[in-house]
Every structure is written in structure tokens, then in C-alpha cells.
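# Geometric and topological summary
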Amino acid sequence: RGRLRSRWALLRHWVVAGRAGQRADGSGPFPMPEAVVNPQASFFRQVGALSWRLLWLMRRQPASLLARVAVYTLFGVLLGLFFRGADTLVARQGELFLMINTMFLLPFASISLYLDDRHHYLAERQQDLYSVAAYFLSHTLLDTFIMVAATFGAGLPFYFMCQLDTLLGFWELFLPLLLASGIGSQEIQTVCILSSNSDIAFSVGTSLVTLYQLAAGFFVALGELPGWVK
């Protein structure tokens, strides 16, 4: 993570300084698209340039993607081992609830990265290097790619180890898991934008997750919830 931070710092220094074709330390050319340093570029060119930068960072630091997919896959295998052979109604409800809840919670592990990225975003926005929409669209596209890969990693072993193929199609499981992962990722990004540090982000995010779990209908039946909660 330290190497990733140093690369972000180098990128920020280079972009803010506007030294086209030169590294921040003056050591040579730096592979950064011109659209990022040209606020007059079209919206789609800005999105393309920012997406290229994110992909370049991912290529330089593939462990961040591989680790995320590996963690999701590990959780899918562990849940599959625990619920393998369980075919009662309670077990089926429990395994699906835990899997969806896990997909929702795992993005919380990236809180520090989201907070670091916010600082770089604010510094670049002060220079009016690109539009807000271009920044968020490029990050959403990358997050969607990562979430699809991670959901496949978690869903495939879980689906077959729990023998869910006898109850529902794979896409009937994959789409809710992908939705849960996407909601969790967007929620934690929003919390990080509104929070000044990781402690506040964890506290607010945990509180929201607790409310979601209580109102999910698993611990308490929806029909038994008080009227004001509904």
C-alpha cells in the first residue's frame, strides 16, 4: 500500500505541476494522458484518460486486484465448506444471507484507499483538471470490472459447493451478489467522502450496516417490525 501511495503522490505532483511529458522528479517522461492535464478536453476524453490512468496503476500494482478477488474467493470457499450438504430451509436461508452480507461488507476493507484517493481528487479538482462526472464515471467503470471479477470468484465455489444448482440458476445468485457488492462499495465511498478520517468512516458505515441487517427480515420477520420502522 505504501508503494501505491507513493505512486499516487507522484501522479498528483506531476498533474498539479502540469509538467507535460516529464516526471515530478525530473527523471524522464511519465505515461500520463494529455486529457487529464487539459480541462478543455471533451467529457469522454477525460473519462478515457482517467480510466487509462487507473488501469495503468492497476497494471503497476496488480496485487491490489488479485488480493481483492482472492479474499472474495476465500470467503466463497469457506461458506461453501460450512454449508456443504446442508439442505434444510433454515440452512439455505442462512447461507444466502451470510453470502450477500459478506459481499456487502467486504468493500469496507478498502476504506483507507478511498480516503487516500479523496485527498488526491481534491488536490486535482483545485486545479480544475477534469470534471466531477468524469472522475466518478471512470472510477465506477473500474469498480464495476473489479466487482464482477470478485463476485465470480466468490459465487462460483459457493454456488457449486452448496449445491445451489439444484435450486436456482447461477445468474439468479450472481446478480444479487453483484448488486450487494456494488451497493456496499458505493455506500463506503459516500461515507468516506463525508468523513474526515477512517475512524468516523468505520463508525458511520458500521451503524448503517447494523440498521440494514435488522431490517433485512432475517433476524426479525418483516411482519413483526414496528410500524415506524417499516
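Our structure's up above, just so we're on the same page.
Each value, and the rule that gives it
Residues numbered from 1 in each chain as written. Predicted model: local features only at pLDDT ≥ 70, side-chain atom pairs only at ≥ 80, totals over all residues. Heavy atoms only, no water. Helix = DSSP H or I, 4+ residues; strand = E, 2+ residues; numbered from the N terminus. Buried < 20%, exposed > 50% of the residue type's maximum accessible area, 1.4 Å probe, protein only. Contact = heavy atoms within 4.5 Å. Areas by Shrake-Rupley, 256 points an atom, 1.4 Å probe, with all protein chains shown as cover. Expected span 1.5 Å × (residues − 1). Polar contact = N/O pair within 3.5 Å; in protein donor to acceptor, adjacent residues only side chain to side chain. Patch = residues over 30% accessible without salt bridge, like charges linked within 9 Å, V, L, I, M, F, W, Y side chains within 5 Å. Salt bridge = Lys/Arg side-chain N within 4 Å of Asp/Glu carboxyl O.

### Points about the overall build of the chain
Scanning the chain for helices and strands turns up 8 helices and 0 strands. Reading the chain from its N terminus to its C terminus gives the helix and strand order α-α-α-α-α-α-α-α. The buried share of the chain, taken over its 230 residues, is 42%. Contacts in the chain between residues far apart in sequence, at least 24 positions, make up 64% of those at least 6 positions apart. Within the structure as shown, the chain displays about 12400 Å² of accessible surface, and the carbon and sulfur contribution to it stands at 66%.

### Details of helix α4 (residues 89–105)
The end-to-end C-alpha separation of α4 is 24 Å, in line with the 24 Å expected for 17 residues at 1.5 Å each. All of the buried residues along α4 are Ala91, Arg92, Gly94, Glu95, Phe97, Met99, Asn101, Thr102, Met103 and Phe104. Residues of α4 that are buried sit in contact with α3 (63–83), α6 (132–161), α7 (170–194) and α8 (198–214). Sitting at the head of α4, threonine 88 places a side-chain oxygen 3.2 Å from the backbone nitrogen of alanine 91.

### A few points about a nonpolar patch on the surface
Judged by side-chain polarity, Phe43, Phe44, Leu137 and Leu141 come together as a nonpolar surface patch covering roughly 400 Å² of accessible area. Counting only elements with at least two residues in the nonpolar patch, the list comes to α2 (43–60) and α6. Residue position: leucine 137 is located in helix α6. Under the relative-accessibility criterion, leucine 137 is labelled partly exposed at 34%.

Any functional reading would require information that these geometric values do not contain.
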